[in-house]
Amino acid sequence: MSDTHRRLMSLKADPAQTRLETSPPPAALAEGEVRLALDRFSLTTNNITYAAYGDAIGYWSAFPTGVEGWGQMPVWGFADVLETRAPGVEAGARVFGFFPMADTLTVQAGKVSRGGFADVSPWRTAVPDIYSRYVLCGADRHYDPALENSEALFRPLFVTSYTAVDFLADKGFFGARQIVVSSASSKTAYGAAWRLQQEDVRVLALTGAGNRAFVESLGCYDAVHGYDEIEALPADVPTLYLDLAGDPGLRRLVHDRFGDLLVYDCLVGSTQSDSFQIDDPDLTGPPPVFFFAATCLDEHRERGTLHAFYERFLADQKTFFARVVDPASPWIRIVEHQGLEAAAGVVRALAEGRADPSEGAVVRLTR
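From a predicted model like this one, the values you see are computed outputs, not experimental measurements. (Residues numbered from 1 in each chain as written. Predicted model: local features only at pLDDT ≥ 70, side-chain atom pairs only at ≥ 80, totals over all residues. Heavy atoms only, no water.)

### Details of the nonpolar core
Next, step 1: By size, the foremost hydrophobic cluster in this structure holds 100 residues, and its most contacted members are Leu36, Leu43, Met101, Tyr131, Tyr190, Tyr221 and Leu242.
Next, step 2: When residues of this core are assigned to their parent elements, the largest contribution, nine residues, is made by helix α4 (residues 148–170).
Next, step 3: Sequence-distant contacts of Leu242, that is, excluding residues within four places in its chain, are made with Leu168, Ile179, Val180, Val181, Ser182, Ala192, Cys266 and Val268.
Next, step 4: Judged by nonpolar contacts, the second largest core, of twelve residues, contains Ala223, Leu233, Tyr241 and Phe258. (Core = buried A, V, L, I, M, F, W, Y, C linked by side-chain atoms within 4.5 Å. Buried < 20%, exposed > 50% of the residue type's maximum accessible area, 1.4 Å probe, protein only. Helix = DSSP H or I, 4+ residues; strand = E, 2+ residues; numbered from the N terminus. Contact = heavy atoms within 4.5 Å.)

### A few points about the side chain of Ser42
Next, step 1: Tracing the sequence through the fold places Ser42 in strand β3 (residues 33–43).
Next, step 2: In this structure Ser42 comes out as buried when scored by relative accessible area, which is 4%.
Next, step 3: A polar atom in the side chain of Ser42 sits 2.7 Å from the backbone oxygen of Ala152.
Next, step 4: The contact partners of Ser42, leaving out residues within four places of it in the chain, are Asn47, Val75, Trp76, Ala152, Leu153, Ala361 and Val362. (Polar contact = N/O pair within 3.5 Å; in protein donor to acceptor, adjacent residues only side chain to side chain.)

### Examining the packing of helix α8 (residues 293–303) against helix α9 (residues 306–324)
Next, step 1: α9 packs onto α8 with a crossing angle of 130° between their chain directions and a minimal axis gap of 7 Å. With respect to each other, α8 and α9 are oriented oblique. Contacts between α8 and α9 involve Leu297, His300 and Arg301 from the first element and Leu306, Phe309 and Tyr310 from the second.
Next, step 2: Its residues assigned to classes, the contact of α8 with α9 shows four nonpolar, one polar and one charged. (Axes fitted to C-alpha atoms, helices over the stretch in contact; angles between N-to-C directions. Parallel < 35°, antiparallel > 145°, perpendicular 65-115°, else oblique. Nonpolar A, V, L, I, M, F, W, Y, C, P; charged D, E, K, R; others polar.)

### Comments concerning helix α1 (residues 45–52)
Next, step 1: Along α1, seven of the eight residues are buried, which leaves the element largely enclosed by surrounding structure.
Next, step 2: Inspection of α1 places Asn46, Asn47, Ile48, Thr49, Tyr50, Ala51 and Ala52 among the buried residues, and these make up the whole buried set.
Next, step 3: One side-chain oxygen at the N-terminal end of α1 lies 3.0 Å from the backbone nitrogen of Asn46; it belongs to Thr44.

### Examining the side chain of Thr188
Next, step 1: Relative to the helices and strands, Thr188 resides in helix α5 (residues 187–196).
Next, step 2: Residue classification places Thr188 among the buried residues on the basis of a relative accessible area of 9%.
Next, step 3: What Thr188 contacts, discounting residues up to four positions off in sequence, is Leu157, Thr160, Ser161, Leu244 and Val268.

### Observations concerning the environment of Ala16
Next, step 1: Following the sequence through the fold, Ala16 ends up in strand β2 (residues 14–23).
Next, step 2: The sequence separation of Ala16 and Val347 amounts to 331 residues, and the corresponding C-alpha distance is 6.1 Å.
Next, step 3: Ignoring any residue separated from it by four or fewer positions in sequence, one finds Ala16 in contact with Arg348, Ala351 and Glu352.

### Focus on the sheet that holds strand β1 (residues 5–11)
Next, step 1: Pairing is antiparallel across the open sheet formed by three strands, whose spatial order is β2-β1-β4. Of all strands in the sheet, those with a lone pairing partner are β2 and β4 (70–71), marking the two edges.
Next, step 2: Bridge count for β1 against β4 is two bridges, and the pairing is antiparallel. The residue bridging Leu11 from the neighbouring strand is Trp70, located in β4. (Pairing = 2+ DSSP bridges.)

Following this line, the structure appears as C-alpha cells:
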C-alpha cells in the first residue's frame, strides 16, 4: 500500500477548477470497514451534472472533504478490495460502484449479501441507496472484464436514459406526439433516443454546431436541429421537452416556441449549466420537473417490481452496449487517460464544453 493518499477535489463554485491533494495514508481499519482501491472510472457530462446539483441534491455530501468550498466530484467505476474487516467481503474482490476521484476509499460495509454491500456511513444517506451500493463483480452474471470500460461509461448513464423513458411512457408521454431532446450529443440523451425508437413518438435533437455531424451520424433521432434553429422546430403537435442541457435561456426559447402545445418539461441533466435552476416566473407553459432515476428505482423496490425491471433493463442494456461499440460502426471511441492529473484535464474539458462527443473518457489509476 502507498505511503500517501491522493484525491482530486473540485471547486464547488466552478467545477472546472480542480486541486490535487496528497495526504498521509488512512488510519487502520475499524471493525466492519473496507478499503477500496479505485482502478478505473469514467468521466462524462453526467459528472458535471453531479457537480451542478451537488448541494441541491446531495452529491457533494456523499464524499465530504472537510475543505470549505471544495468537493469531491463523484464518478462511477471499478475498484478492488484492498483491505477488509467486514465479514462477507473478501480482500481482492472486484466491485463496481460510486466513488470519489481518489486512489482509495474507506467504507463502512453494511447490508452485505452475495451480490454486494453498501456503505452505511452516515454521510452516504445524503443520496439514494443506489449510490451507496457496491456490486461484487464475481457474483454478477452480466459482468465481463473485457467490457469494463464500456460498463464504466454507460452503465450509470443508460439507467437514467432507460428509467426516464420508462417513466414518460408509463405516463403516455403526457399526450405528446414528439419529444425535443437537448444536449443530444450526450450519452444519456442518445441512450434515451435509442430507447425511444421502440415508441410511437417522433424524436427531435437539439445540439451545438460543433456536435451536429456526430449527432446526425448516430441515426437515432428523426431530425437534428442546432440551438440557433429553435424557430424551425415543428410546433403544430403536442410536444415534450427532454432537457439534458439544463440551460435556463434555452429552456425559455423552447417553451416560447411551443407555448400551450408543450405538455411536459422533463429536466434530466445539466450539461450546459453549473447550477440547479428551475424557478422562472417568466417561463411560458409547464414548469420543469426534475427527473431522478434513483427515485424511480426506489419506487420499483417499494412496489416489489425492481427485479422484473432489472431483467428487462439488463437485456436492453446489453443490446445498447453492443450497438455503441459495434466494430462496424461504433458510436464512440473509448480513450484511456492515466492518473488523477489527467483526470483534471478531462474534467475541465467537460465543464467547459470542449469534450469530443465521439470519445468516451476512462481514467486508469493503476496500470
